[in-house]
Amino acid sequence: MSKAFGIVDGTTPQIPLWNYNLQRTLGNGGAFISSDAMNVAAGVDLPIGTPLQVDLSTRKVHVVKNALVTGGTTSAPQVAKGHYFEAGDAVYVSGTAVTISSIDTTNASYDVLTLSGACAGAITGQYLENAVAAGASPALKYSANAILQEAVYDVEGGEPVTAVIWIFSDVDTSRFPVPISPVQIGLLNATGRFLLY
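All figures in this text were calculated on a predicted structure; none of them were measured in a lab.

Draft legend 1. Broad picture of the overall build of the chain. Counting its regular elements, the chain contains one helix and 15 strands. With 197 residues in all, the chain has 44% of them scored as buried. In the chain, 72% of the contacts between residues at least 6 apart in sequence involve partners at least 24 apart. Of the accessible surface of the chain, which amounts to about 8,600 Å², a share of 54% is contributed by carbon and sulfur atoms. The chain carries 9 positive and 15 negative side-chain charges, and their two centres are separated by 7 Å.

Structure, rendered in C-alpha coordinates:
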(Lines give C-alpha, C1' and ligand atoms only; values in the text may rest on other atoms or scores of the structure.)
Protein backbone atom coordinates (compact mmCIF):
# COMPACT_ATOMS: atom_id res chain seq x y z
CA MET A 1 0.00 0.00 0.00
CA SER A 2 1.50 3.34 -1.02
CA LYS A 3 1.59 6.24 1.41
CA ALA A 4 2.26 9.92 0.87
CA PHE A 5 5.90 10.78 0.35
CA GLY A 6 7.58 12.26 3.41
CA ILE A 7 6.27 9.43 5.59
CA VAL A 8 8.57 6.58 6.59
CA ASP A 9 6.72 4.35 9.03
CA GLY A 10 3.16 5.43 8.28
CA THR A 11 3.08 8.01 11.07
CA THR A 12 6.42 9.84 11.32
CA PRO A 13 7.10 12.69 8.88
CA GLN A 14 10.56 12.73 7.32
CA ILE A 15 12.40 15.68 5.86
CA PRO A 16 12.40 15.55 2.05
CA LEU A 17 15.40 13.79 0.54
CA TRP A 18 15.34 16.01 -2.54
CA ASN A 19 13.29 18.87 -3.93
CA TYR A 20 10.14 17.24 -5.31
CA ASN A 21 9.49 20.28 -7.49
CA LEU A 22 12.67 19.45 -9.41
CA GLN A 23 11.83 15.91 -10.44
CA ARG A 24 10.06 13.93 -13.12
CA THR A 25 8.24 10.69 -12.42
CA LEU A 26 6.41 8.06 -14.40
CA GLY A 27 3.24 9.61 -13.03
CA ASN A 28 1.64 9.08 -9.64
CA GLY A 29 1.67 5.31 -9.31
CA GLY A 30 2.78 5.06 -12.94
CA ALA A 31 4.95 1.98 -12.46
CA PHE A 32 4.26 -1.43 -10.95
CA ILE A 33 6.19 -3.86 -8.75
CA SER A 34 6.84 -6.89 -10.92
CA SER A 35 4.30 -9.57 -10.01
CA ASP A 36 5.75 -12.35 -12.18
CA ALA A 37 9.27 -11.95 -10.76
CA MET A 38 8.95 -9.92 -7.55
CA ASN A 39 12.45 -9.88 -6.09
CA VAL A 40 11.68 -8.80 -2.50
CA ALA A 41 9.72 -10.61 0.18
CA ALA A 42 5.99 -9.92 0.15
CA GLY A 43 5.00 -7.69 3.03
CA VAL A 44 8.26 -5.72 3.36
CA ASP A 45 8.25 -1.93 3.50
CA LEU A 46 10.09 0.05 0.83
CA PRO A 47 11.13 3.52 2.01
CA ILE A 48 11.67 6.68 0.00
CA GLY A 49 14.88 6.59 -2.02
CA THR A 50 14.86 2.84 -2.68
CA PRO A 51 16.81 2.27 -5.91
CA LEU A 52 14.75 0.68 -8.69
CA GLN A 53 15.20 -0.82 -12.11
CA VAL A 54 12.25 0.21 -14.24
CA ASP A 55 11.52 -1.23 -17.66
CA LEU A 56 10.41 1.99 -19.31
CA SER A 57 8.42 0.13 -21.99
CA THR A 58 6.34 -2.00 -19.60
CA ARG A 59 6.75 0.18 -16.46
CA LYS A 60 7.57 -2.99 -14.53
CA VAL A 61 9.73 -2.35 -11.43
CA HIS A 62 12.34 -4.47 -9.65
CA VAL A 63 13.95 -3.38 -6.39
CA VAL A 64 17.74 -3.03 -6.59
CA LYS A 65 19.36 -4.86 -3.69
CA ASN A 66 22.70 -4.00 -2.08
CA ALA A 67 24.01 -4.00 1.47
CA LEU A 68 26.70 -2.05 3.34
CA VAL A 69 29.17 -4.32 5.14
CA THR A 70 29.78 -3.11 8.71
CA GLY A 71 31.90 -5.96 10.11
CA GLY A 72 32.07 -9.73 10.47
CA THR A 73 34.00 -12.00 8.13
CA THR A 74 33.99 -12.52 4.37
CA SER A 75 31.92 -15.68 4.82
CA ALA A 76 29.58 -14.19 7.46
CA PRO A 77 29.54 -10.42 6.95
CA GLN A 78 27.60 -8.07 9.19
CA VAL A 79 25.51 -5.70 7.08
CA ALA A 80 23.51 -2.57 7.87
CA LYS A 81 19.78 -2.93 8.35
CA GLY A 82 17.55 -1.86 5.50
CA HIS A 83 18.74 -4.27 2.80
CA TYR A 84 16.32 -6.58 0.98
CA PHE A 85 18.46 -9.66 0.58
CA GLU A 86 16.93 -13.08 1.20
CA ALA A 87 18.34 -16.56 1.57
CA GLY A 88 19.10 -17.88 -1.91
CA ASP A 89 20.20 -14.52 -3.34
CA ALA A 90 23.63 -14.39 -4.98
CA VAL A 91 25.99 -11.62 -3.85
CA TYR A 92 29.47 -10.34 -4.68
CA VAL A 93 31.83 -7.42 -4.12
CA SER A 94 34.94 -7.83 -6.25
CA GLY A 95 35.21 -11.51 -7.09
CA THR A 96 33.17 -14.67 -7.45
CA ALA A 97 29.52 -14.43 -6.44
CA VAL A 98 28.35 -16.64 -3.59
CA THR A 99 24.90 -17.55 -2.28
CA ILE A 100 23.28 -16.35 0.93
CA SER A 101 22.56 -19.48 2.97
CA SER A 102 20.76 -17.75 5.85
CA ILE A 103 20.26 -14.34 7.45
CA ASP A 104 20.37 -13.67 11.20
CA THR A 105 18.28 -10.58 11.98
CA THR A 106 18.29 -10.89 15.79
CA ASN A 107 20.76 -8.06 16.42
CA ALA A 108 19.08 -4.65 16.55
CA SER A 109 22.04 -2.91 14.88
CA TYR A 110 22.93 -5.20 11.98
CA ASP A 111 22.15 -8.46 10.20
CA VAL A 112 24.59 -11.32 9.61
CA LEU A 113 24.56 -13.03 6.23
CA THR A 114 25.86 -16.59 6.27
CA LEU A 115 27.31 -17.20 2.82
CA SER A 116 28.02 -20.38 0.88
CA GLY A 117 31.71 -19.43 0.84
CA ALA A 118 34.06 -16.50 1.35
CA CYS A 119 33.05 -13.40 -0.58
CA ALA A 120 36.16 -11.55 -1.79
CA GLY A 121 36.10 -7.89 -0.75
CA ALA A 122 33.22 -8.25 1.75
CA ILE A 123 34.92 -6.07 4.35
CA THR A 124 33.78 -3.06 6.38
CA GLY A 125 32.79 -0.13 4.19
CA GLN A 126 32.21 -2.16 1.03
CA TYR A 127 28.86 -3.02 -0.53
CA LEU A 128 27.45 -6.40 -1.44
CA GLU A 129 25.77 -6.31 -4.84
CA ASN A 130 23.04 -8.68 -6.05
CA ALA A 131 24.30 -11.01 -8.79
CA VAL A 132 22.29 -12.85 -11.41
CA ALA A 133 23.78 -16.12 -10.16
CA ALA A 134 26.61 -17.49 -8.05
CA GLY A 135 29.91 -18.09 -9.81
CA ALA A 136 32.84 -16.38 -11.45
CA SER A 137 32.50 -13.14 -13.45
CA PRO A 138 29.23 -12.11 -11.78
CA ALA A 139 26.81 -9.66 -13.37
CA LEU A 140 24.40 -7.34 -11.60
CA LYS A 141 20.91 -8.77 -11.40
CA TYR A 142 19.32 -5.30 -11.62
CA SER A 143 20.78 -1.90 -12.42
CA ALA A 144 19.22 1.22 -10.92
CA ASN A 145 17.68 3.73 -13.33
CA ALA A 146 15.07 5.24 -10.98
CA ILE A 147 14.35 5.76 -7.29
CA LEU A 148 11.19 5.43 -5.24
CA GLN A 149 9.41 8.71 -4.45
CA GLU A 150 7.00 7.53 -1.80
CA ALA A 151 7.16 4.76 0.76
CA VAL A 152 5.35 1.51 0.01
CA TYR A 153 4.13 -0.61 2.93
CA ASP A 154 3.36 -4.34 2.91
CA VAL A 155 4.49 -4.58 -0.69
CA GLU A 156 2.70 -6.95 -3.05
CA GLY A 157 3.34 -7.97 -6.61
CA GLY A 158 1.60 -5.71 -9.12
CA GLU A 159 1.42 -2.81 -6.69
CA PRO A 160 1.63 0.68 -8.21
CA VAL A 161 4.57 2.86 -7.17
CA THR A 162 5.82 6.32 -8.09
CA ALA A 163 9.22 5.98 -9.73
CA VAL A 164 11.38 9.10 -10.01
CA ILE A 165 13.28 9.00 -13.30
CA TRP A 166 14.82 12.48 -13.26
CA ILE A 167 15.93 14.97 -10.58
CA PHE A 168 17.15 18.39 -11.67
CA SER A 169 19.43 18.98 -8.67
CA ASP A 170 22.24 17.41 -6.66
CA VAL A 171 21.06 14.81 -4.12
CA ASP A 172 22.96 13.64 -1.03
CA THR A 173 22.32 9.90 -0.77
CA SER A 174 23.91 9.64 2.69
CA ARG A 175 20.49 10.66 4.08
CA PHE A 176 18.67 7.83 2.31
CA PRO A 177 17.12 5.27 4.71
CA VAL A 178 18.25 2.38 2.47
CA PRO A 179 21.75 1.42 1.34
CA ILE A 180 22.72 2.58 -2.12
CA SER A 181 26.13 1.53 -3.32
CA PRO A 182 28.61 3.64 -5.30
CA VAL A 183 28.04 1.21 -8.20
CA GLN A 184 24.30 1.93 -8.24
CA ILE A 185 24.85 5.68 -7.74
CA GLY A 186 27.17 5.56 -10.73
CA LEU A 187 24.56 3.76 -12.83
CA LEU A 188 21.89 6.31 -11.89
CA ASN A 189 24.20 9.21 -12.70
CA ALA A 190 25.20 7.56 -16.00
CA THR A 191 21.61 7.90 -17.20
CA GLY A 192 22.23 11.66 -17.37
CA ARG A 193 19.08 12.23 -15.29
CA PHE A 194 20.56 12.22 -11.77
CA LEU A 195 23.31 14.06 -9.89
CA LEU A 196 23.64 11.81 -6.85
CA TYR A 197 26.57 11.77 -4.46
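Draft legend 2. Quick look at the sheet that holds strand E6 (residues 77-80). Around the barrel, six strands lie side by side as E5-E6-E9-E8-E7-E10; this closed barrel has antiparallel pairing. Sheet twist, expressed as the mean angle between neighbouring strand axes with direction ignored, is 50°. The pairing of E6 with strand E9 (residues 110-115) spans three bridges and is antiparallel. Note on E9: the bridge partner recorded for alanine 80 is tyrosine 110.

Draft legend 3. Broad picture of the pattern of salt bridges. In total, this model carries four salt bridges according to the counting rule given. A salt bridge links aspartate 36 to lysine 60; its shortest N-O distance comes to 3.1 Å. Note that aspartate 36 is positioned in the loop between strand E2 (31-33) and strand E3 (51-55) and lysine 60 in strand E4 (residues 60-63), a separation of 24 residues in sequence. With a shortest N-O distance of 3.7 Å, glutamate 86 and lysine 65 are connected by a salt bridge. Of the two residues, glutamate 86 sits in the loop between E6 and strand E7 (90-92) while lysine 65 sits in the loop between E4 and strand E5 (66-72), which places them 21 residues apart along the sequence. Take lysine 65: its relative accessible area is 3%, and that puts it in the buried class. Each member of the salt-bridge network shares a partner with another, and the members are Lys65, Glu86 and Asp89.

Draft legend 4. Representation of the nonpolar core within the structure. Formed by 18 residues in total, the largest nonpolar core has its most connected members in Leu46, Leu52, Val54, Val61, Val161 and Ala163. Counting only elements with at least two residues in this core, the list comes to E2, E3, E4, strand E11 (146-148) and strand E13 (163-167). Leaving out residues up to four positions away in the same chain, valine 161 has contacts with Gly29, Gly30, Ala31, Phe32, Ile33, Val61, Leu148 and Val152. Core analysis: the second largest hydrophobic core is formed by 17 residues, Val164, Ile180, Leu188 and Leu196 among them.

Draft legend 5. Quick look at the confidence of the model for the chain. On average, the chain scores 90 in pLDDT, and the residues at 70 or more come to 92%. Note on residues 1-13: pLDDT is under 50 here. Beyond four places in sequence and across chains, it has 32 contacts.

Draft legend 6. A look at the side chain of histidine 83. By the element assignment, histidine 83 lies in the loop between E6 and E7. A residue is classified by how much of its surface remains accessible, and histidine 83, at 11% relative accessible area, is buried. A polar contact is formed between the side chain of histidine 83 and the backbone nitrogen of phenylalanine 85, at a distance of 3.1 Å. Engagement of the side chain of histidine 83 in a polar contact is seen with the side chain of aspartate 111, the distance being 2.8 Å. Contact partners of histidine 83, with chain neighbours within four places excluded, come to Asn66, Ala67, Ile103, Asp111, Leu113 and Pro179.

Draft legend 7. Quick peek at the pairing of E5. In this structure, E5 lies alongside strand E10 (residues 127-131), joined through three bridges in antiparallel fashion. Paired with leucine 68 across the bridge in E10 is tyrosine 127. Of the strand pairs in this sheet, E5 and E6 are connected by three bridges, and their pairing is antiparallel. By the bridge assignment for E6, valine 69 is matched with valine 79. Here E5 folds back onto E6, and the loop between the two strands holds four residues.

Draft legend 8. Layout of the sheet that holds E3. Strands sit in the order E1-E13-E11-E3-E4-E2-E12 across an open sheet of seven strands; the sheet is mixed. Each edge of the open sheet is held by one strand with a lone partner, namely strand E1 (23-25) and strand E12 (160-161). Bridge count between E11 and E13: two bridges; the pairing is antiparallel. Bridged to leucine 148 within E13 is alanine 163.

Rules behind the numbers
Residues numbered from 1 in each chain as written. Predicted model: local features only at pLDDT ≥ 70, side-chain atom pairs only at ≥ 80, totals over all residues. Heavy atoms only, no water. Helix = DSSP H or I, 4+ residues; strand = E, 2+ residues; numbered from the N terminus. Buried < 20%, exposed > 50% of the residue type's maximum accessible area, 1.4 Å probe, protein only. Contact = heavy atoms within 4.5 Å. Areas by Shrake-Rupley, 256 points an atom, 1.4 Å probe, with all protein chains shown as cover. Lys, Arg positive; Asp, Glu negative; His and termini not counted. Charge placed at Lys NZ, Arg CZ, Asp CG, Glu CD. Pairing = 2+ DSSP bridges. Axes fitted to C-alpha atoms, helices over the stretch in contact; angles between N-to-C directions. Salt bridge = Lys/Arg side-chain N within 4 Å of Asp/Glu carboxyl O. Core = buried A, V, L, I, M, F, W, Y, C linked by side-chain atoms within 4.5 Å. pLDDT = per-residue confidence, 0-100. Polar contact = N/O pair within 3.5 Å; in protein donor to acceptor, adjacent residues only side chain to side chain.

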